[in-house]
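Listed below are the residues making up each chain.
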Amino acid sequence: MPPPSLPENDVEKSHHHHSPPPAKPTKRKPGGWKSMPYILGNESFERLASIGLVANFTVFLMTVFHMDQVSSSNLINIWSGVSNFAPLIGAFISDAYVGKFWVIAVSSFATLSGMVTMTLIVGLPKLHPPSCTTQQARLNQCQAPTNRQFGILVLALGFLSIGTGGIRPCSLPFGVDQFDPTTDEGRKGINSFFNWYYTTFTIIVLTALTLVVYIQDSVSWVWGFGIPTMLMACSIVLFFIGTHVYIYVKPEGSIFSGIAQTLVAAYKKRKLEVPRGEKELTRGKLYDPPMKGMYEVPKLLLTDRFRCLNKGAIVVDGDINPNGSRTSAWKLASIQQIEEVKCLIKVIPIVASGIICFTAILQQGTFTVSQALKMNRHLGPNFQIPAGSIGVISMITIGIWLPIYDRILIPLIRKITKIETGITLLQRIGIGIVFSILSMIVAAFVEKMRRDSANYHNRVDGVAPMSVMWLAPQLILMGFAEAFSILGQLEFYYKEFPDNMKSVANAMFFVTAGVANYVSSALVSMVHNVTGKHGQPDWLTANINEAKVDYFYYVLAGLGFLNLVYYLVVASRYRYKENIRDIEEEPQFDVELYGIKK
């Protein structure tokens with residue numbers, strides 16, 4: 001069965017822009033579990049390729065491309081930022097135009113192109129700088145990449161970002177599409193699919209952080225990039241083999257288009273009187289059509305919060321066709337659309353609080369790896385831990401902590417607080433922010449010890465005779481930060497948005513991560529440019545043993561503390577969705593709306 005032809009967009013279909021559950025096809029079979037090997041295989045190999053590259057990318061840039069700490073950190077942050085924003089574009093194209101299948105298909109070829117290019121870069125001597133000795137590296141005498149070599153590297157990263165932007169936002173929903181949510185069997189299948197999805201994700205991350213990084217570090221970069229490239233090629237073949245068993249859901253319009261339409265409609269009617277109170281509302285008719293194509297999605301009732309947006313639903317002459325539909329979604333918004341936008345606006349302060357916390361977490365892949373490169377990484381006489389694998393300590397921490405937290409601590413805390421989740425989600429996020437601050441403080445202490453040891457012994461390779469396991473405390477604390485703050489944010493977004501806006505929860509995570517990447521890059525550049533004057537080396541100079549990376553960690557800890565104060569203020573003023581109905585200043589109106597008695 002080939003992919004369906006692309007549907008034409010019609011105006012009235014687009015006014016329910018919320019990425020509703022797909023209209024049930026007349027025939028749901030085959031789909032189901034028969035399609036899972038193809039979908040999960042494609043997603044798994046894409047992640048193996050991208051995560052395997054990210055985990056060891058700092059080492060690659062510093063040892064193969066001879067880039068210094070600042071340049072490599074900035075390149076990683078800029079590329080990661082692009083990769084984190086790209087899924088928003090991929091989701092929009094999928095929902096609004098071509099559907100999930102074609103976005104995944106095209107993006108898979110982009111990922112393959114990126115991995116092939118990366119393999120060629122390390123395999124062909126002309127595409128990377130010549131190797132240099134340990135002494136040359138210590139004296140910063142290694143040859144830098146040429147403009148052509150750097151341009152080809154950026155091209156490869158661009159392909160990988162396109163692949164990430166298409167596969168990640170579409171793979172999970174495409175898998176869910178294979179099950180019928182209107183049946184018990186389908187709902188059980190969806191729940192089981194989520195479990196398998198996250199299980200395979202965890203396995204892939206651990207494999208990338210250990211096996212792939214080990215091959216890159218100890219065997220060769222060619223094999224380290226070549227093996228994931230071959231697996232990615234196999235996954236594309238596998239994905240297309242499954243075309244005859246997939247269920248294809250036509251695109252129904254993107255929620256992001258609807259958000260933009262709502263804001264434009266409210267702006268165009270900004271000079272109208274704001275409906276306020278029951279008496280005022282009965283004088284003006286507001287647009288509140290039935291929610292076609294959506295099932296088991298409750299309507300949101302009109303509130304008086306951010307009431308300037310309510311203007312977008314005021315019906316004026318020329319807004320409504322004879323059949324009751326809108327003449328333009330850019331001139332008239334429904335109450336449902338307006339309340340959804342309000343939900344989004346309401347969580348933005350919480351989203352902003354996650355940026356600094358995520359910025360601290362990002363250092364695991366940059367300066368923590370730089371620290372590990374200058375420490376004793378031997379476990380026994382014959383095995384050396386790859387520097388890029390050190391982040392696995394955080395993963396192990398999360399894997400051990402979450403079952404204990406979920407099965408033991410939450411039931412105990414629930415008896416005391418009488419809260420279903422033990423502590424509120426906002427409290428959980430706040431605890432994560434505290435752990436991220438503590439992690440940066442510990443990282444600073446350990447880095448000073450490492451630098452003092454390296455300079456005292458003054459070995460030719462600049463390595464401090466300190467075990468790399470001294471980095472474990474900061475990584476364990478950062479694991480707790482992720483378990484509380486990042487996972488808490490995901491659950492918070494999921495529960496605070498209406499049922500038909502769950503995709504926005506993932507979008508919030510990507511936005512937070514993307515902004516944090518750019519904040520990290522800006523901080524690194526600022527510290528690099530501001531410090532190091534009057535003949536002193538800057539804090540992030542190329543030779544980490546002459547640098548003051550611990551001072552940079554203290555800066556992050558200080559910013560984290562200021563962020564914590566900000567978070568406590570916005571969190572204390574936040575009203576959970578389930579509590580809004582009890583707040584008198586946000587009345588739930590019971591009025592006559594356009595065409596509908598309520």
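Residues numbered from 1 in each chain as written. Predicted model: local features only at pLDDT ≥ 70, side-chain atom pairs only at ≥ 80, totals over all residues. Heavy atoms only, no water.

J.: I would appreciate a short explanation of the overall build of the protein chain in the present structure.
T.: The helix and strand inventory of the protein chain stands at 18 helices and four strands. Once local pairs closer than 6 in sequence are excluded, the contacts in the protein chain between residues at least 24 apart make up 82%. In the form shown here, the protein chain has an accessible surface area of approximately 27200 Å², with 64% of it arising from carbon and sulfur atoms. (Helix = DSSP H or I, 4+ residues; strand = E, 2+ residues; numbered from the N terminus. Contact = heavy atoms within 4.5 Å. Areas by Shrake-Rupley, 256 points an atom, 1.4 Å probe, with all protein chains shown as cover.)

J.: How should the pattern of salt bridges be read in this particular structure?
T.: Should the charged atoms of two oppositely charged side chains come close, the side chains can pair. Within this structure, the stated rule accounts for ten salt bridges. Here Asp 461 ties to Arg 459 by a salt bridge, and the two come within 3.3 Å at their closest N and O atoms. (Salt bridge = Lys/Arg side-chain N within 4 Å of Asp/Glu carboxyl O.)

J.: Is there a simple way to explain the state of the cysteines in this structure?
T.: Any covalent bond linking the sulfur atoms of two cysteines counts as a disulfide. Going through the model one piece at a time under the given rule, you end up with one disulfide. A disulfide bridge connects Cys 132 with Cys 142, and the sulfur atoms are separated by 1.9 Å. Residues Cys 132 and Cys 142 are joined through a disulfide that is right-handed, its torsion about the S-S bond being 65°. Residue Cys 132 is found in the loop between helix 5 (100–123) and helix 6 (134–138), and its partner Cys 142 is found in the loop between helix 6 and helix 7 (147–177); the two are separated by ten residues along the sequence. (Disulfide = S-S within 2.5 Å.)

J.: Is there a simple way to think about the nonpolar core in this case?
T.: In summary, soluble globular proteins display a tendency toward joint burial of nonpolar side chains. Membership of the largest hydrophobic core comes to 61 residues, with the highest contact counts inside it found for Leu 426 and Phe 492. Going through the elements one at a time, helix 10 (255–268), helix 12 (335–362), helix 15 (425–457), helix 16 (472–496), helix 17 (502–530) and helix 18 (549–572) are the ones with two or more residues in this core. With 14 residues, the single largest contributor to this core is helix 12. Once residues lying within four places of it in the same chain are set aside, the contact partners of Phe 492 are Val 347, Ile 350, Leu 425, Leu 426, Ile 429, Tyr 574 and Tyr 576. (Core = buried A, V, L, I, M, F, W, Y, C linked by side-chain atoms within 4.5 Å. Buried < 20%, exposed > 50% of the residue type's maximum accessible area, 1.4 Å probe, protein only.)

J.: Is there a simple way to explain the environment of Leu 40 in this structure?
T.: Mapped onto the fold, Leu 40 is located in helix 2 (residues 36–55). Classification of Leu 40 as buried rests on a relative accessible area of 11%. Leu 40 sits 135 residues away from Gly 175 along the chain, and the two C-alpha atoms are 8.0 Å apart. With sequence-adjacent residues up to four places away left out, Leu 40 is seen in contact with Phe 193, Trp 196, Tyr 197 and Thr 200.

J.: Is there a simple way to explain the packing of helix 4 (residues 69–98) against helix 5 in this structure?
T.: Two numbers describe a pair of packed helices, the interaxial angle and the distance between the axes. Interhelical geometry of helix 4 versus helix 5 gives an angle of 135° and a closest axis separation of 8 Å. It follows that helix 4 is oblique to helix 5 by the angle criterion. Side by side, helix 4 and helix 5 meet where Gly 90, Ile 93, Ser 94 and Val 98 of the first sit next to Lys 100, Trp 102 and Val 103 of the second. Its residues assigned to classes, the contact of helix 4 with helix 5 shows four nonpolar, two polar and one charged. (Axes fitted to C-alpha atoms, helices over the stretch in contact; angles between N-to-C directions. Parallel < 35°, antiparallel > 145°, perpendicular 65-115°, else oblique. Nonpolar A, V, L, I, M, F, W, Y, C, P; charged D, E, K, R; others polar.)

J.: What's the story with the pairing of strand 2 (residues 464–467) in this structure? I'm lost.
T.: Only one face of strand 2 is covered, namely the one carrying Ala 464 and Met 466; the face carrying Pro 465 and Ser 467 has none of its residues buried. Relative to strand 2, strand 1 (residues 375–376) is paired through two bridges, and the arrangement is parallel. Across the sheet, residue Asn 376 finds its bridge partner in strand 2, namely Ser 467. (Pairing = 2+ DSSP bridges.)

J.: I'm lost on helix 15 in this one. Help?
T.: Helical geometry note: an α-helix holds 3.6 residues per turn, so side chains three or four residues apart project in the same direction. When the terminal C-alpha atoms of helix 15 are compared, their 48 Å separation across 33 residues agrees well with the 48 Å that a helix rising 1.5 Å per residue should span. Of the residues one or two after helix 15, Asn 458 is the one with positive phi, at around 50°. (Expected span 1.5 Å × (residues − 1).)

J.: What is the right way to read the packing of helix 12 against helix 18 from this model?
T.: Where helix 12 contacts helix 18, the axes come no closer than 9 Å and their chain directions differ by 160°. Judged by the angle between their axes, helix 12 and helix 18 are roughly antiparallel. Between helix 12 and helix 18 the crossing geometry is left-handed. The residues of helix 18 that touch helix 12, namely those facing Pro 349, Ile 350, Ala 352, Ser 353, Ile 356, Cys 357 and Thr 359, are Leu 556, Leu 559, Gly 560, Asn 563, Tyr 566, Tyr 567, Val 570 and Ala 571. Tallied by class, the residues present in the contact of helix 12 with helix 18 amount to eleven nonpolar, four polar and no charged. (Left-handed = near helix turned anticlockwise from the far one by under 90°.)

J.: What exactly am I supposed to notice about a nonpolar patch on the surface here?
T.: On the surface, a cluster of nonpolar side chains totalling about 670 Å² of accessible area is made up of Tyr 214, Val 219, Trp 223, Ile 227, Met 230, Leu 379 and Phe 383. Looking at the nonpolar patch, the elements with two or more residues in it are helix 8 (184–219) and helix 9 (221–241). Of all the elements, helix 9 adds the most residues to the nonpolar patch, at three residues. Counting through the fold element by element, Val 219 comes out in helix 8. According to the relative accessible area criterion, Val 219 is exposed, its value standing at 53%. (Patch = residues over 30% accessible without salt bridge, like charges linked within 9 Å, V, L, I, M, F, W, Y side chains within 5 Å.)

J.: Can you help me understand the environment of Ile 396 in this one?
T.: The topology assignment puts Ile 396 in helix 14 (residues 392–417). Using a relative accessible area of 45% as the deciding quantity, one classes Ile 396 as partly exposed. Separated by 79 residues in the primary sequence, Ile 396 and Leu 475 place their C-alpha atoms 10.0 Å from one another.

J.: How should I be thinking about helix 2 in this particular structure?
T.: For helix 2, built from 20 residues, the straight-helix expectation of 28 Å at 1.5 Å per residue is met to within 8% by its first-to-last C-alpha distance of 27 Å. The element helix 2 is extensively covered by neighbouring structure, given that 17 of its 20 residues are classed as buried.

J.: What should I look at first to understand unusual backbone geometry in this one?
T.: Of all residues except glycine, most have a negative phi; of all peptide bonds, most are trans. The phi angle at His 66 is positive, at roughly 55°, despite the residue not being glycine. With respect to the helices and strands, the residue His 66 is situated in the loop between helix 3 (57–63) and helix 4. At Phe 306, a residue that is not glycine, the phi angle is positive and equals roughly 50°. Its location among the elements puts Phe 306 in the loop between helix 11 (277–283) and helix 12.

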